[in-house]
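Remarks on the overall topology
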Amino acid sequence: MIVSAPPVNPSPTPLNPESKLLRSLQDLVDVVAQLRSPDGGCPWDLEQTPQSLTPYIVEEAYETVDAIRQGDPKAIANELGDLLLQVVLQAQIAQEYEQFDLATVAEGITAKLIRRHPHVFGEVDVANVDEVRKNWEQIKAAEEHADDPTVVSLETAPQSTALTPRLQRYARSLPPMMAAMKISVRTAEVGFEWETIDGVWEKFHEELDEFQTAIASESKERQQEELGDLLFGLINIGRWLGLDPRAALQGTNDRFIQRFAKVEALAERPLADYSIDELEAFWQKAKAMLKAASNPQPD
């Protein structure tokens, strides 16, 4: 069976940029609708639900981030397309159940951006980024109390709202390391913070002792709890030092893979045939080779 692309309506004159964008988006919407159509659609797409597609949203988001880190424009455009597909698919399924459609999604985020940037689209004056962030949080508080008849403007929005629901949202929706950093930052902003980094280090060593005790004499469940506490303490240290734990771990992963690739290249037999001392020697040689390659000596 030959599968052809859906027809695109011919245009007698060149499309202006705005028309080209709208046409391209409409083509995507039409293709996704056909994939979901009971009349000749794709069996796999028809089986999908919002819940079954969630792993793909996460996967495509990470692949987009990786493409951005690599700095390849073609790859970035490709991965952004895959991510956009997930948005359109979710909207298409919701439309089939008469919940909302893609226009609702676009209208909603447009209105939110305008509402949360009164210094751009309104008459609010800001002096710096800190004031922008403060206004943003105040506007969010007003939005969260939209059903409260006493909240009619930013000025009447509650100045202080419970932080716990937001922390719970971070824990539910973000990768654990990112959630831990956000939880740490947000609670520190309201004063739940050590006075100096010495307190952070003391807490870290306390958690390290508790982890070692759990390993020696407690259950796997307790060991896992203490490991989590230890990791959270380490993330706090990174925050205090202005370091990004995610970037730090990503760099370690990359360096490990580079070194391991060198180890495999140095080995003349399967790695399992070597002793740990021999593998360690390969590892140290790999580190030296990579260091020399990254810091070439002048002639």
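Above: the structure in question.
Report follows, based on the coordinates. These figures come from a predicted structure and were not determined experimentally.

Definitions and cut-offs
- Residues numbered from 1 in each chain as written.
- Predicted model: local features only at pLDDT ≥ 70, side-chain atom pairs only at ≥ 80, totals over all residues.
- Heavy atoms only, no water.
- Helix = DSSP H or I, 4+ residues; strand = E, 2+ residues; numbered from the N terminus.
- Buried < 20%, exposed > 50% of the residue type's maximum accessible area, 1.4 Å probe, protein only.
- Contact = heavy atoms within 4.5 Å.
- Phe/Tyr/Trp six-rings, centres within 6.5 Å; stacked < 30°, edge-to-face > 60°.
- Salt bridge = Lys/Arg side-chain N within 4 Å of Asp/Glu carboxyl O.

**Looking at the side chain of R166**
Of note, R166 is situated in helix α8 (residues 164-173). Taking relative accessible area as the criterion, R166 reaches 11% and is therefore assigned buried. Setting aside chain neighbours within four positions, we find R166 in contact with E137, K140 and E144.

**Overview of the packing of aromatic side chains**
The final tally for this structure, using the stated rule, is 5 aromatic pairs. Judged by centre distance (6.1 Å) and plane angle (10°), the ring pair of F256 and F260 falls under stacked. Taken together, the residues span about one helical turn, with F256 and F260 both in helix α12 (residues 245-266) at a distance of 4 residues. Under the relative-accessibility criterion, F256 is labelled partly exposed at 46%. With relative accessibility at 33%, the residue F260 sits in the partly exposed group. Summarising the aromatic geometry, the rings of Y274 and F282 are spaced 5.1 Å apart at their centres and angled 75° between planes, so their arrangement reads as edge-to-face.

**With respect to the pattern of salt bridges**
Enumeration according to the criterion identifies 13 salt bridges in this entry. When the shortest N-O distance is used, the salt bridge between K203 and E206 registers 3.3 Å. Placement of both K203 and E206 in helix α10 (residues 197-217) is noted, with a separation of 3 residues, approximately one turn of the helix. By relative accessible area, which is 36% here, E206 ends up partly exposed. Here E226 and R222 are joined by a salt bridge, their closest N and O atoms 2.6 Å apart. Here R222 and E226 lie together in helix α11 (residues 220-240), a separation of 4 residues that amounts to about one turn. Sharing partners across several salt bridges, the network here consists of E218, R222, E225 and E226.

Function-wise, these values are silent; they only describe arrangement.
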